[in-house]
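Residue strings, one per chain:
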Amino acid sequence: MPGVREEALIAAIAADPEYQALVRRRARLGWWLTVLVFCAFVGYLLLIAFDKALLGTPIGTGVTSIGIPIGLGLILLAIALTGIYVAQANRHYDARMAAILKDHGA
Amino acid sequence: MTPRRRLTCAAAILAANVLAALPLPAMAAALEGEAQRQPVNWVAIAMFVAFVGLTLWITKAAAARTRSAADFYTAGGGITGFQNGLAMAGDYMSAASFLGISAQIFNDGYDGLIYSTGFLVGWPILLFLMAERLRNLGRFTFADVASYRFAQPPVRSFAAVSTLLVVSFYLIAQMVGAGQLIKLLFGLPYAVAVVIVGALMMLYVLFGGMRATTWVQIIKAVLLLGGASFMALMVLAQMGFSLETLFARAVEVKTRMALADGAGTAEAAERGRSIMAPGGFIKDPVSAISFGLALMLGTAGLPHILMRFFTVPDAKEARKSVLWATGWIGYFYILTFIIGFGAIVLVGTEGGYMDAAGTLRGGGNMAAIHLAHAIGGNAFLGFISAVAFATILAVVAGLTLSAASAVSHDLYATVFKQGAASSADELRVSRLTTLALGALAVLLGLVFEKQNVAFMVSLAFALAASGNFPVLILSLLWSGCTTRGAAWGGTIGLLTAFVLTLLSPAVWTTTFGLGPAPFAYSSAAIFSVPAGFLAIWLISRFDRSPRAAIDKAGYPAQRVRAETGIGAFAASDH
């Protein structure tokens, strides 16, 4: 069971505008990236469902179709966005959160 | 007898069985019939014995350090983000995705890439919405998080039942796939193969707990990534490291195959080029979106994946785990893509891998296995076979551990003993559960040997997406969620997914042969995920019980803990 001291600490942090701004910023980044991945993947599926030929169009004069860079690009996009979130959260948000917690004597 | 000859049998079946572990109703038809026993493959067995020796030695070392429930469930919380990322990848990359997806590409070309992207996109979402909150609130199971501010018995019971369902269906598909695959690759009888998988998995989990399971997964991930990298590299080397050359030659091979099939010049060229475009995999937009939702959101609701978040010390490492996992899994799917196209070129034409009728010896799903032989001869074929066996072991060990934790931590310690069970008691119950589950897994594997179990993985994903995912998201992010809403709404999501899957073509028509399916789409998720969310929302909204007031009042403090990690269960490595 959390002690009375910890509950007071939590209430104080919840009321801290700096904490609120930080959490809002981190959540907003998370949601935007979620929307991005979600739309990219669902858009890809819809593109396939409605216009298969488009993705089969060759790039230039070769046989490689534009579907190849789009499909592989989606895989790389998933990895890249994951990297962006982790870099932002681990480098910046965590440091600020630690500072806020320190201010409150946690 | 040549290795090729060894692999020639039981084509349809075996291939199908490999695919059984793919959550793809389209492949459901495959799992029928009976694989014939193969001559014993000694190279593969020697390599596999080496793997087992190493992992059992690790298990022995881990057993000495597995003293408390925390050791058993989470390896004491001392796994690093990098290690955990590899272990997550090891949990997720099944023999099915390796053999099944490369086979899909061998047959249809581009379509295989659509599966791969579907399997990957759940990981970023898991990171953005849940990773740090899971780590900050949870201790041993995802139910710790889902029930954080709620009355424990109802929400824990829901989570435990859901875990057992998801794990059971996943496990049956893995056991049956394992038995068939091993029978084919190693020439062992089906029953022996299933008993070996069950017994080894029990040893790992029973004695080594999460520590041994994690290392089994890490070693397997390294072997699989190494083997697949080597194959892709050799393919690319033969193509002068040009993807365009690889694709051009694959199109050429497919065109020649169409010509040999009696197609006219124009039609043959058309069929050759078709491997560079999406084919018949996605038919209607509703099934497409539904399939996407099940894979994307189901990944974020799989109990054995969620459990891995509690093995790292803090939120920072939890995020790193997902980055590593996403990176390795994405890299693996790119390799599979190259391997699939490489198989078209190197296996599809020469070397006698095709039979007189122009089809692949041993069935379409043998593409990667034949490619291993074409590239590295008998020894590499044995290596890849051993890796496939190791892969199955790692996946079933992770599944069993998560089911054992649901029984001992959620049902026994929290619901039955009201949180008063000692760590030693909890540990004893988890070990007994592991024994029971191991026996059950072997039994189910034997019972379902000749059944079509292909729908079971897609069912597991649909259940996870429709039950666990909505409950986790709303309990974490919506202050209005109540005990009743989570427990009953989650149950409604689970039931919707379950019933619709039973009524879908893969089960109703293909498995049970009951005629045209009442539910026309290939995946239930587009209906069952919203049903889960809606049910939780409605029930919570109209919940006027005294408990509902406590649940809502608990949200602000839960939110701060989830965001800051205050009071989080710390690593307790010895």
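All of the points below concern the structure found in this document. (Residues numbered from 1 in each chain as written. Chains lettered and ligands numbered in written order. Predicted model: local features only at pLDDT ≥ 70, side-chain atom pairs only at ≥ 80, totals over all residues. Heavy atoms only, no water.)

1. Comments concerning the overall build of chain B
Okay, so step 1: Helix and strand counts for chain B come out as 25 helices and zero strands.
Okay, so step 2: Its C-alpha atoms give chain B a radius of gyration of 23 Å, near enough to 25 Å, the size a compact globule of 574 residues would have.
Okay, so step 3: Counting only C-alpha atoms and orienting by the principal axes, one finds that chain B spans roughly 75 × 50 × 45 Å.
Okay, so step 4: Of all 574 residues assigned to chain B, the portion counted as buried reaches 64%.
Okay, so step 5: Here chain B displays about 17,800 Å² of accessible surface, and carbon together with sulfur accounts for 67% of that area.
Okay, so step 6: Averaged over its 37 positive side-chain charges, chain B has a centre that lies 7 Å from the centre of its 26 negative ones. (Helix = DSSP H or I, 4+ residues; strand = E, 2+ residues; numbered from the N terminus. Rg over C-alpha atoms; globule rule 2.2 N^0.38 Å. Buried < 20%, exposed > 50% of the residue type's maximum accessible area, 1.4 Å probe, protein only. Areas by Shrake-Rupley, 256 points an atom, 1.4 Å probe, with all protein chains shown as cover. Lys, Arg positive; Asp, Glu negative; His and termini not counted. Charge placed at Lys NZ, Arg CZ, Asp CG, Glu CD.)

2. Some thoughts on the packing of aromatic side chains
Residue and element names in this part refer to chain B.
Okay, so step 1: Scanning the model with the defined rule gives 27 aromatic pairs over all chains in all.
Okay, so step 2: Ring plane angle 65° and centroid distance 6.1 Å describe the contact between Phe-247 and Phe-337, whose orientation is recorded as edge-to-face. Here the residue Phe-247 occupies a position in helix H13 (residues 243-260), and Phe-337 occupies one in helix H17 (residues 315-346), the gap between them amounting to 90 residues. In this pair, the class of Phe-247 matches that of Phe-337, namely buried.
Okay, so step 3: Following the ring pairs from residue to residue traces out a cluster consisting of Tyr-92, Phe-98, Phe-119, Trp-123, Tyr-170, Phe-332, Tyr-333 and Phe-461.
Okay, so step 4: Note that Lys-254 overlies the ring of Phe-106, its terminal NZ or CZ placed 5.5 Å from the centroid. (Phe/Tyr/Trp six-rings, centres within 6.5 Å; stacked < 30°, edge-to-face > 60°. Lys NZ or Arg CZ within 6 Å of the ring centre and 35° of its normal.)

3. What about the pattern of salt bridges?
Oppositely charged side chains can pair when the atoms bearing their charge come close.
Residues and elements named next belong to chain B.
Okay, so step 1: With the rule as written, the count across this model stands at 17 salt bridges over all chains.
Okay, so step 2: One salt bridge connects Asp-261 with Arg-271, and the closest N-O pair in it is separated by 3.1 Å. Here Asp-261 is found in the loop between H13 and helix H14 (265-273), whereas its partner Arg-271 is found in helix H14, with 10 residues between them in sequence.
Okay, so step 3: Residue Arg-271 is classed as partly exposed on the basis of its relative accessible area of 34%.
Okay, so step 4: The closest approach of N and O atoms between Arg-428 and Asp-425, which form a salt bridge, is 3.1 Å. Here Asp-425 and Arg-428 lie together in helix H19 (residues 423-447), a separation of three residues that amounts to about one turn. (Salt bridge = Lys/Arg side-chain N within 4 Å of Asp/Glu carboxyl O.)

4. Here we look at a positive patch on the surface
Residues and elements named next belong to chain A.
Okay, so step 1: A contiguous patch of positive charge on the surface is contributed by Arg-24, Arg-25, Arg-28 and Arg-96.
Okay, so step 2: Examining the composition of the positive patch, we find that three residues originate from one element, helix H2 (residues 17-50), more than from any other.
Okay, so step 3: Looking at the element boundaries, Arg-28 is found in helix H2. (Patch = residues over 30% accessible without salt bridge, like charges linked within 9 Å, V, L, I, M, F, W, Y side chains within 5 Å.)

5. Observations regarding a nonpolar patch on the surface
All names here are of chain B.
Okay, so step 1: A cluster of nonpolar side chains, Leu-534, Trp-537, Leu-538 and Phe-542, forms an exposed patch at the surface whose accessible area comes to about 430 Å².
Okay, so step 2: Structurally, Phe-542 is set in the loop between helix H23 (525-541) and helix H24 (546-553).
Okay, so step 3: Here Phe-542 falls in the exposed class, since its relative accessible area comes to 62%.

6. Here's the deal with the interface of chain B and chain A
Often, the extent of an interface is quoted as the loss of accessible area on bringing the components together.
Okay, so step 1: Listed as interface residues are 52 residues of chain B and, on the opposing side, 50 residues of chain A.
Okay, so step 2: Here chain B packs against chain A, burying approximately 4,500 Å² in sum over the two surfaces, 76% of which is carbon and sulfur.
Okay, so step 3: Contact with chain A buries surface across chain B, with B:Phe128, B:Arg319 and B:Ile566 losing the most and accounting together for 14% of the total.
Okay, so step 4: Where chain B touches chain A, the interface holds five salt bridges.
Okay, so step 5: As a salt-bridge pair, A:Arg26 and B:Glu563 come within 2.7 Å of each other at their nearest N and O atoms.
Okay, so step 6: The tally of links from chain B across to chain A stands at 14 residue pairs in polar contact (both at pLDDT 80 or more).
Okay, so step 7: Those elements that place two or more of their residues in the side of chain B that touches chain A are helix H7 (111-120), helix H8 (122-129), helix H9 (131-137), H13, helix H15 (285-299), H17 and helix H25 (555-564) of chain B.
Okay, so step 8: If you tally residues by element for the side of chain B that touches chain A, the top one is H17(B), at 12 residues. (Contact = heavy atoms within 4.5 Å. Buried area = accessible area lost by both parts, 1.4 Å probe. Polar contact = N/O pair within 3.5 Å; in protein donor to acceptor, adjacent residues only side chain to side chain.)

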